[in-house]
Each structure stands twice: as C-alpha cells, then as structure tokens.
Amino acid sequence: MPPIPSSPSPARPSEPSEPSAARRLADVWCEGLSPERCGAFPEECHAATYCDGQRFCTSRRGARGRTCGEEGYYGGEVACCEGLVARCAMKTGDRTCHDERDPEKQPMCLACGDGVCSSLEHRCNCPEDCAVGAKRRKIRYRGSNPEGPRQGDPNVPMGATRPDQCLELLGDADLVRNCLRAWMWAVLGRNSWDELQDADSIAPLTPFDLKLMRCLSLAQGGRRPRSGPNRESCLEALSQSTKDARLDKLLRR
C-alpha cells in the first residue's frame, strides 16, 4: 500500500515582534522613576534638582527639541547650555538673600559671569554680576529691549520715544509712574528706582526721572502712617528743588 502522505503541519502563528527601543522609551513614565533609575532611559528622561535640593526625574518631551537650556530656561528637561549656570535664590526688600526652598521651584539657566546684570538676574541669584562689592562699585544693568518699551505697550503714550515724555504727555501720577517703570524695565531690567542707585549708567533715564519715580512710588497722603514722607510732600520738595513746571499738574490733582 502506498504510503499515506502526511498532512502539512499547521503554520505556527507568528510571534509578535519585539517593540522597538523608541516605542519602549515613549512608554516610559519618567516622573514615576526614582532619580537613580532615571539614567536608564537617557533619551526620554532627565535627572534634575529642585531649588530645595531634592532630585527628581522628568520627561524630555517638554524640551521641544532643545538639546540644552538657553538663558531663562527652567523646565528641567535638559541641562543648561554651555556658558550658563543653573541658579536659585530669593531676594528680599531689606537687601538680604535667602535660599529658595519652594519644593516646586526649579533652577533657572543664567549667564552669570558675563559682567551684565540682566532682567533675569539679581544680587542673590547672580552676585558676580549684580552685587556691589570691593571689586565692583557699579552694576551694568541690561533689560530685554535696550531701545525702550515695545510698540503698543499700554503703559506708554503713543508716539513717546523718550522716558521724559511720560511726564510731558501724561497728567496722572499713577500713569506717569507706570510709564517710567515700563522704560526702566525695558532698558535696564529693573522696575524699582532704588535698585538703580548702583547703576553705572541709567541712560536714557536721568537722575530726575529716578527722583520722580521715588516720589511716585510712595503712597498718597492718608494711605500711609503720618511718620515719613508721602507722595505729595515728596513731589512738592522735588518741585521746589528743580523748579520743573511739569510737576505742577501732578500737584494739582
């Protein structure tokens, strides 16, 4: 009897292919990893440190294509670019500094050491550029727009091209204060007149602008304890010392 042909073996179902490395990495929940395990997924995760010193693991997805953090970056997904440093610090009104202890705050990438105190820097997070000392008597301040406030700034009158036009074109003390503050921030990166006492240059602002800003920063009479100057008395003194007639409209209000 002829041999009976054997039936072909049923085909084995194909094995699922091993997920690609990219697929595995995309499924990693970096925030759930300990800082020690974070380094096992260098393409997807980055180990960073909060300002209070606590290390954590975070995803690189928020880096938006960055390979390093530029000036002002504080996301934690990548390290600061070359030449920048990650800093944390708080400044207080009494000119002292405190360590940043907010558990949610992350260090910011700053260009400390370049000799310029930018709008992102201050005497506490970047003392080598922003603090007065034996080797540095004056500070070189720089704002984000040295030419002045951007066109359309709601605090600056249309057509104003100089800070002294704040007083020329505006008649309300609060509006003049906000206009001068916009110029100070754009050009020098400061919004307080007293911070500029140590500036090597305040151009295009003038010493008169700073004195006026000091007066306008004070509370009006009745909103402040009787001891110490108020806005009105400060403006009167400034008017008497400078004989600037433009101040009359502020005193009449």
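Worth saying up front: this structure is predicted, and the values here are computed from it rather than measured.

**Topic: helix H5 (residues 173-188)**
Taking 1.5 Å per residue, 16 residues should reach 22 Å; H5 reaches 22 Å between its end C-alpha atoms and fits that length. Along H5, the residues that are buried comprise Ala173, Val176, Arg177, Cys179, Leu180, Ala182, Trp183, Met184, Ala186, Val187 and Leu188. If you follow the buried residues of H5, they end up packed against strand S8 (141-142), helix H4 (165-169), helix H6 (207-217), helix H7 (231-242) and helix H8 (248-252). At the N-terminal end of H5, a side-chain oxygen is found 3.0 Å from the backbone nitrogen of Asp174, two or three residues along, and the residue is Asp172. In the segment just after H5, Gly189 is the residue with positive phi, at about 70°.

**Re the state of the cysteines**
Scanning all chains against the criterion turns up 10 disulfides. The disulfide partner of Cys38 is Cys57, and the S-S distance across this bridge is 2.2 Å. Residues Cys38 and Cys57 are joined by a disulfide whose S-S torsion is about 70°; by sign, that bridge is right-handed. Within this pair, whereas Cys38 is found in helix H2 (residues 35-38), its partner Cys57 is found in strand S2 (residues 55-59), the two being separated by 19 residues in sequence. Of the residues examined, Cys57 reaches a relative accessible area of 4% and is grouped as buried.

**Examining the pattern of salt bridges**
Applying the stated criterion to the full structure yields 11 salt bridges. Linking Glu168 and Arg246 is a salt bridge whose minimum nitrogen-to-oxygen distance equals 3.6 Å. Of this pair, Glu168 sits in helix H4 while Arg246 sits in the loop between H7 and H8, and the two are 78 residues apart along the sequence. The class for Glu168 is partly exposed, based on a relative accessible area of 37%.

**Some details on the confidence of the model for the chain**
Looking at the chain, the pLDDT average stands at 86 and 86% of residues meet or exceed 70. Confidence drops under pLDDT 50 across residues 4-25; counting only partners more than four residues distant or on other chains, this segment forms 6 contacts.

Rules and cut-offs
- Residues numbered from 1 in each chain as written.
- Predicted model: local features only at pLDDT ≥ 70, side-chain atom pairs only at ≥ 80, totals over all residues.
- Heavy atoms only, no water.
- Helix = DSSP H or I, 4+ residues; strand = E, 2+ residues; numbered from the N terminus.
- Expected span 1.5 Å × (residues − 1).
- Buried < 20%, exposed > 50% of the residue type's maximum accessible area, 1.4 Å probe, protein only.
- Contact = heavy atoms within 4.5 Å.
- Polar contact = N/O pair within 3.5 Å; in protein donor to acceptor, adjacent residues only side chain to side chain.
- Disulfide = S-S within 2.5 Å.
- Salt bridge = Lys/Arg side-chain N within 4 Å of Asp/Glu carboxyl O.
- pLDDT = per-residue confidence, 0-100.

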